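For reference, the chains in residue letters:
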Amino acid sequence: MPEFSWRAAQADGQLVEGRLEAAAADAVLRHLRERGLTPIKVEDALAQAAGPAGGLRGTRGNRALRGPVNRADVLAFTSELSIMLRAGLALDNALRVLIEMSAKPSVKTLLEGVLEDVKGGAPFSRALTARRELFGDFYINMVRSGEASGQMSQVLERLVEHMNRLRALRESVISATLYPAILLGVAVLSLVGMLGFVVPQFEKLFKDMGDALPLPTRIVMSLGHGFKAHGLMLAIAALLIGWVGWRWLRSPAGRGWWQNRALRLPVVGALLYKYELTLFTRSLGTLLGNGVPLLTALHIATETVGNANLRGPLATMGPQVKEGTRMVRAMENTRVFEPLAVNLVRVGEETGRIGPMMLELSSVLDREVETGIKRALTLLEPVLILLLGVLIAAIIVSILLGILSINDLAG
């Protein structure tokens, strides 16, 4: 029977460790819970020497142990806190356990500050409010609703689910753009290699031809000569222009310029549009499902939208609802939502289930974004490959025309 090493927390927050022979890890977990302990980590004792292989914290050891607290740290902290609260640990004891388990100094400092505020009598939500730039209004209001309803562990579970879905959506978008970016980079490098190293090899051959060379050959040779003579300067200039452009796009003026045009781009604009609406509807549905008032939820969900051209119309919904306008009418007035979205919210308003309808709408939009990305990639990949092939073929044909012109003159 295999032996497992385990680590668990007592009701007072103290950590205990040990070893136990059992048929499987599930049996160890069941045994620890019967003893009133909260399992933190369970792994095969033989595999322990090779490094952590599983347990409740299997993904934590892979994160960088330096740098500031990031989204992955907040997600891990929320998930672990939810597990401990669900197992019956008091909030302060759960925070002590997390502090002791934290391997990242910045996370440990964060948790120590939160624990200090909680021990001083502040509610958990107020302790997080002092660190609003990290957690955000959405997170804080969800925690506040958990405090009001006495269902903190369930609220944290929903928070983890919400954060995981948004992370999956972001990662799907990033992954979808990765291959075209690599393909575009290969295309640029191929052209630079052809013009900077291959074409100059024919310069001596065509040196005495002058204007007798065909125009395409002269153009390609000029480009090749320019790359050979000024390639380093061109590369530095391109990097400098890219860096300045990137900095400008991060500025308010550049961000506004890009946001104003991004939604108008063919194919990509529609995907960005639906992606932003997915963030809004999922945030609004999650907040309403946890008892956050409608006006507060509308304000917070609107702030999750990154594009100012969409955030402006969405921001008008709150004042309209406050003045007595129905939710569905306020949505129609924005002219942002499609008829399907309006009808779903109309049903939710009539049945008193606006939150679930918003989550359903977010799932629909999420699927449309994923489908749109796949279709766009199906179109973009062959276009990039074809474009690269045409450009390289044009260079080769230009060189062949020059060689043929030499043969004609010799004849």
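Criteria and cut-off values
- Residues numbered from 1 in each chain as written.
- Predicted model: local features only at pLDDT ≥ 70, side-chain atom pairs only at ≥ 80, totals over all residues.
- Heavy atoms only, no water.
- Helix = DSSP H or I, 4+ residues; strand = E, 2+ residues; numbered from the N terminus.
- Rg over C-alpha atoms; globule rule 2.2 N^0.38 Å.
- Buried < 20%, exposed > 50% of the residue type's maximum accessible area, 1.4 Å probe, protein only.
- Contact = heavy atoms within 4.5 Å.
- Areas by Shrake-Rupley, 256 points an atom, 1.4 Å probe, with all protein chains shown as cover.
- Lys, Arg positive; Asp, Glu negative; His and termini not counted.
- Charge placed at Lys NZ, Arg CZ, Asp CG, Glu CD.
- Pairing = 2+ DSSP bridges.
- Axes fitted to C-alpha atoms, helices over the stretch in contact; angles between N-to-C directions.
- Expected span 1.5 Å × (residues − 1).
- Bend = angle between axes of the 7 residues up to and from the residue.
- Phe/Tyr/Trp six-rings, centres within 6.5 Å; stacked < 30°, edge-to-face > 60°.
- Parallel < 35°, antiparallel > 145°, perpendicular 65-115°, else oblique.
- Nonpolar A, V, L, I, M, F, W, Y, C, P; charged D, E, K, R; others polar.
- Salt bridge = Lys/Arg side-chain N within 4 Å of Asp/Glu carboxyl O.

A.B. asks: What am I meant to see in the overall build of the protein here?
C.D. replies: Summing up its helical and strand segments, the protein has 16 helices and three strands in all. Whereas a compact globule of 411 residues would reach a radius of gyration of roughly 22 Å, the protein reaches 30 Å, over 25% beyond that. Taken along its principal axes, the extent of the C-alpha atoms in the protein is 100 × 65 × 40 Å. For the protein, with 411 residues in total, the buried portion stands at 39%. Long-range contacts, defined as pairs at least 24 residues apart, comprise 57% of the intrachain contacts of the protein with a sequence gap of at least 6. Total accessible area computed for the protein in this model is approximately 22900 Å², and 60% of it derives from carbon and sulfur atoms. The protein carries 45 positive and 37 negative side-chain charges, and their two centres are separated by 4 Å.

A.B. asks: Can you walk me through the sheet that holds strand β1 (residues 3-9) in this structure?
C.D. replies: Paired through backbone hydrogen bonds, the strands of a sheet run either parallel or antiparallel to each other. One open sheet holds the three strands; their spatial order is β2-β1-β3, and the pairing between them is antiparallel. Each edge of the open sheet is held by one strand with a lone partner, namely β2 (15-21) and β3 (38-44). Pairwise comparison of adjacent strand axes, ignoring direction, gives a mean angle of 20 degrees for this sheet. By the bridge criterion, seven bridges tie β1 to β2 in an arrangement that is antiparallel.

A.B. asks: Help me understand helix α8 (residues 215-250) in this model?
C.D. replies: Count 3.6 residues to each turn of an α-helix, and residues three or four apart come out pointing the same way. Along its 36 residues, α8 runs just 43 Å from first to last C-alpha, ending more than 12% under the 52 Å computed at 1.5 Å per residue. Along α8, the sharpest change in direction is near 80 degrees and occurs at His230.

A.B. asks: I keep staring at the environment of Val16 and nothing clicks. Help me out?
C.D. replies: Within the element layout of this structure, Val16 appears in strand β2. Between the C-alpha atoms of Val16 and Met84, which are 68 residues apart in sequence, the distance is 15 Å. Every residue in contact with Val16, bar those within four places of it in the chain, is listed here: Trp6, Arg7, Ala8, Gln10 and Leu37.

A.B. asks: What is the right way to read the packing of aromatic side chains from this model?
C.D. replies: Given two aromatic rings, one states the distance between the centres and the angle between the planes to describe the pair. Summed over the entire model, instances satisfying the criterion amount to four aromatic pairs. With 5.0 Å between their ring centres and 50 degrees between their planes, Phe135 and Tyr139 make a pair best called tilted. Here the residue Phe135 and the residue Tyr139 both occupy positions in helix α6 (residues 132-149), the gap between them amounting to four residues, near one helical turn. Judged by relative accessible area, which is 9%, Phe135 ranks as buried. A ring pair is formed by Trp248 and Trp257, whose centres lie 5.6 Å apart and whose planes are at 55 degrees; its orientation type is tilted. On the basis of relative accessibility, which here comes to 39%, the residue Trp248 falls in the partly exposed class. Taken together through their ring pairs, the aromatic side chains of Phe77, Phe135 and Tyr139 make up a single cluster.

A.B. asks: It is not clear to me how the pairing of β1 should be interpreted in this structure. Could you clarify?
C.D. replies: Remark: a regular strand shows side chains that alternate across the two faces of the sheet. Among the seven residues in β1, six count as buried, and that is most of the element. Bridge count for β1 against β3 is six bridges, and the pairing is antiparallel. Looking at β3, one finds that Ser5 is bridged to Glu43.

A.B. asks: Explain unusual backbone geometry to me, please; I cannot follow it from the model alone.
C.D. replies: Of all residues except glycine, most have a negative phi; of all peptide bonds, most are trans. The phi torsion at Arg335 lies on the positive side, around 55 degrees, for a residue other than glycine. Here Arg335 is to be found in the loop between α14 (327-334) and α15 (339-351). Overall, the relative accessible area of 78% leaves Arg335 in the exposed class.

A.B. asks: I'm lost on the side chain of Thr278 in this one. Help?
C.D. replies: Locating Thr278 in the fold gives a position in helix α10 (residues 268-289). The contact partners of Thr278, leaving out residues within four places of it in the chain, are Leu169, Ser362, Leu365, Asp366 and Val369.

A.B. asks: Can you help me understand the environment of His225 in this one?
C.D. replies: Mapped onto the fold, His225 is located in helix α8. For His225, a relative accessible area of 43% gives the class partly exposed. It is 45 Å that separates the C-alpha atoms of His225 and Thr371, two residues lying 146 residues apart in sequence.

A.B. asks: How do you make sense of the packing of α8 against helix α9 (residues 252-262) when you look at a structure like this?
C.D. replies: Helix-helix packing is characterised by the crossing angle of the two axes and by the distance between the axes. One way to put it is that α8 packs onto α9 with a least axis distance of 4 Å and a crossing angle of 85 degrees. Between α8 and α9, the angle falls in the class roughly perpendicular. For the pair formed by α8 and α9, the contact residues are Trp248, Leu249 and Arg250 on the first element and Pro252, Ala253, Gly254, Arg255, Trp257 and Trp258 on the second. Across the contact of α8 with α9, the residue classes tally to six nonpolar, one polar and two charged.

A.B. asks: Explanation requested: the pattern of salt bridges in the structure shown.
C.D. replies: A side chain with one charge can pair with a side chain of the opposite charge if their charged atoms come near. This model, assessed by the stated rule, comprises 11 salt bridges. Salt-bridge contacts for Lys274 lead to Glu368; the nearest nitrogen and oxygen are separated by 3.1 Å. Residue Lys274 is located in helix α10, and its partner Glu368 is located in helix α16 (residues 354-410); the two are separated by 94 residues in the primary sequence. Classification of Lys274 by relative accessible area gives partly exposed; the value is 21%. As a salt-bridge pair, Arg282 and Asp366 come within 3.8 Å of each other at their nearest N and O atoms. Here Arg282 is found in helix α10, whereas its partner Asp366 is found in helix α16, with 84 residues between them in sequence. Residue Arg282 is classed as buried on the basis of its relative accessible area of 3%. Linked through salt bridges whose partners overlap, the residues forming this network are Arg329, Glu332 and Arg346.

All we've got here are geometric facts, nothing functional implied.
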